[in-house]
Amino acid sequence: EAMLTRLRRCCLTFGLVFLSACGGEGPGTTPDQTPAATTALPPDAVTYFPETTWRTASPEQVGIPSSVLARVDQRVAANSWRGLNSFLVVRRGYLVSERYFGGSSRDDVHTMQSVSKSVTSLVTGIASDIGALDVDASAVSIMTRYTDASPDPRLARVTLRHLLEMRSGINFYENPYAGSPLEALNSSRGDWLRIALEQPFNAEPGALWQYNSGGVIALGAAVAQATSTPFHL
């Protein structure tokens, strides 16, 4: 129960700051921003999933001082962080700040990749912190159905820590994209974990850092398996 509660809080309602890039002029806020309030909101009786829009609250209602967000607003408006033109904060399932700068708006489309990698690492840390997961355990000792994914004996030595650090030694390359393991994964309706783990090795586990999207997918699956918690929760 504790694991479910913390994973849900992490994936859905942890203090998440989205910073997007675009261009334009002048600050602004969305017209439907919730008015200031200070009464703390009680915990949800059931897990909250946003639909087309987030529910809203004031920062104080979820334990964030408005003065802190105001200082961030000022820095973004002053172009202290170049290329940023929006500042959104979601905490406990409530949108508590939605600010746009430089003439941008919520309707602008932005490119965003690899956000789930940070969330996966965070959830892994929570699982480790409460003793539900040993990051030094072999990945296939948890996902036992994949012990035969590769004939290379090094697969058995790949730990969750290696996957976290992108030092598994598995050559899950992404560039050039054509013919890469990433292309195979993106075009497959089959077993993504097997695709991620069956790739040949080009280094000893722990010896070489190399970007590996497949390893993060395997890491998420290992957390779900070890904690008996559907990862999307």
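1. Regarding the overall build of the protein chain
So, step 1. In terms of regular secondary structure, the protein chain is built from eight helices and four strands.
So, step 2. Each helix and strand of the protein chain, placed in order from N terminus to C terminus, yields the pattern α-β-β-α-β-β-α-α-α-α-α-α.
So, step 3. Counting across all 233 residues of the protein chain, residues that qualify as buried make up 39%.
So, step 4. Once local pairs closer than 6 in sequence are excluded, the contacts in the protein chain between residues at least 24 apart make up 72%.
So, step 5. In the structure as shown, the protein chain presents an accessible area of about 12,700 Å², 54% of it carried by carbon and sulfur atoms.

2. Some details on the confidence of the model for the protein chain
So, step 1. On average, residues of the protein chain score 84 in pLDDT, and 83% of them reach the 70 mark or higher.
So, step 2. In the model, residues 1–35 has pLDDT below 50 throughout and makes 96 contacts with residues more than four positions away in sequence or in other chains.

3. Description of the environment of Leu133
So, step 1. On the secondary structure map, Leu133 appears in the loop between helix H3 (115–129) and helix H4 (139–142).
So, step 2. The sequence separation of Leu133 and Ala226 amounts to 93 residues, and the corresponding C-alpha distance is 6.3 Å.
So, step 3. When sequence neighbours within four positions are dropped, the list of residues in contact with Leu133 reads Thr124, Ala127, Ser128, Ile142, Leu160, Ala222, Val223 and Ala226.

4. Overview of the pairing of strand S4 (residues 94–100)
Strand residues, when the strand is regular, have side chains that alternate between the two faces of the sheet.
So, step 1. Counting buried positions along S4 yields six of seven residues, so the element is predominantly enclosed.
So, step 2. Examined bridge by bridge, strand S3 (residues 84–91) and S4 share six bridges and lie antiparallel to one another. Bridge pairing in S4 links Leu88 to Glu98.
So, step 3. The turn joining S3 and S4, which pair antiparallel and follow one another in sequence, is formed by two residues; a positive phi near 55° is taken by Arg92.

5. Notes on the pattern of salt bridges
So, step 1. Inspection of every chain in the model, using the stated rule, returns nine salt bridges.
So, step 2. Close ionic contact of Arg194 with Asp148 constitutes a salt bridge, the shortest N to O distance being 3.4 Å. Linking Arg194 in helix H7 (residues 192–197) with Asp148 in the loop between H4 and helix H5 (160–165), this pair joins segments that are 46 residues apart in sequence.
So, step 3. The partly exposed category is assigned to Arg194, whose relative accessible area is 25%.
So, step 4. A cluster of three or more residues bridged by salt bridges with shared partners is formed by Asp152, Arg154, Arg157 and Glu204.

6. Thoughts on the packing of H3 against helix H8 (residues 213–227)
So, step 1. Where H3 meets H8, the closest approach of the two axes is 10 Å, and the angle between their N-to-C directions is 35°. The interaxial crossing formed by H3 with H8 has left-handed handedness. Residue-level contacts link Lys117, Thr120, Val123, Thr124 and Ala127 of H3 to Ser213, Val216, Leu219, Gly220, Val223 and Thr227 of H8.

7. Quick word on the packing of aromatic side chains
So, step 1. Overall, the coordinates contain one aromatic pair when judged by the stated rule.
So, step 2. Both rings, one in Tyr48 and one in Trp54, keep their centres 6.4 Å apart while their planes meet at 50°; by these two values the pair is tilted.
So, step 3. Judged by its relative accessible area of 16%, Tyr48 is buried.
So, step 4. Take Trp54: its relative accessible area is 32%, and that puts it in the partly exposed class.
So, step 5. If you follow Arg55 out to its NZ or CZ, it ends over the ring of Tyr48, 3.8 Å from the centre.
So, step 6. A cation over an aromatic ring shows up here: Arg55 above the ring of Tyr94, its NZ or CZ 3.8 Å from the ring centre.

8. Considerations on H3
So, step 1. Here H3 spans 22 Å end to end across 15 residues, near enough to the 21 Å set by a 1.5 Å rise per residue.
So, step 2. Where H3 is concerned, the buried positions are Lys117, Val119, Thr120, Val123, Thr124, Ile126 and Ala127.

9. As for helix H2 (residues 66–77)
So, step 1. Compared with the 16 Å implied by 1.5 Å per residue over twelve residues, the 16 Å span of H2 between its first and last C-alpha is a close match.
So, step 2. For H2, the set of buried residues is Leu69, Asp73 and Val76. Taken around the axis of H2, the buried residues stretch over an arc of 65°, which confines them to a single face.
So, step 3. Elements in contact with the buried residues of H2: S3 and S4.
So, step 4. Note on H2: the residue one or two positions beyond its end, Asn79, has a positive phi of about 65°.

10. Regarding unusual backbone geometry
So, step 1. Geometrically, the link from Asn175 to Pro176 is a cis peptide bond, its omega value of 5° lying close to zero.
So, step 2. Take Pro176: it is sitting in the loop between H5 and helix H6 (181–186).
So, step 3. One non-glycine residue, Met166, adopts positive backbone phi at about 55°.
So, step 4. One can find Met166 in the loop between H5 and H6.

Thresholds, definitions, all that
Residues numbered from 1 in each chain as written. Predicted model: local features only at pLDDT ≥ 70, side-chain atom pairs only at ≥ 80, totals over all residues. Heavy atoms only, no water. Helix = DSSP H or I, 4+ residues; strand = E, 2+ residues; numbered from the N terminus. Buried < 20%, exposed > 50% of the residue type's maximum accessible area, 1.4 Å probe, protein only. Contact = heavy atoms within 4.5 Å. Areas by Shrake-Rupley, 256 points an atom, 1.4 Å probe, with all protein chains shown as cover. pLDDT = per-residue confidence, 0-100. Pairing = 2+ DSSP bridges. Salt bridge = Lys/Arg side-chain N within 4 Å of Asp/Glu carboxyl O. Axes fitted to C-alpha atoms, helices over the stretch in contact; angles between N-to-C directions. Left-handed = near helix turned anticlockwise from the far one by under 90°. Phe/Tyr/Trp six-rings, centres within 6.5 Å; stacked < 30°, edge-to-face > 60°. Lys NZ or Arg CZ within 6 Å of the ring centre and 35° of its normal. Expected span 1.5 Å × (residues − 1). Arc of directions from axis to C-beta.

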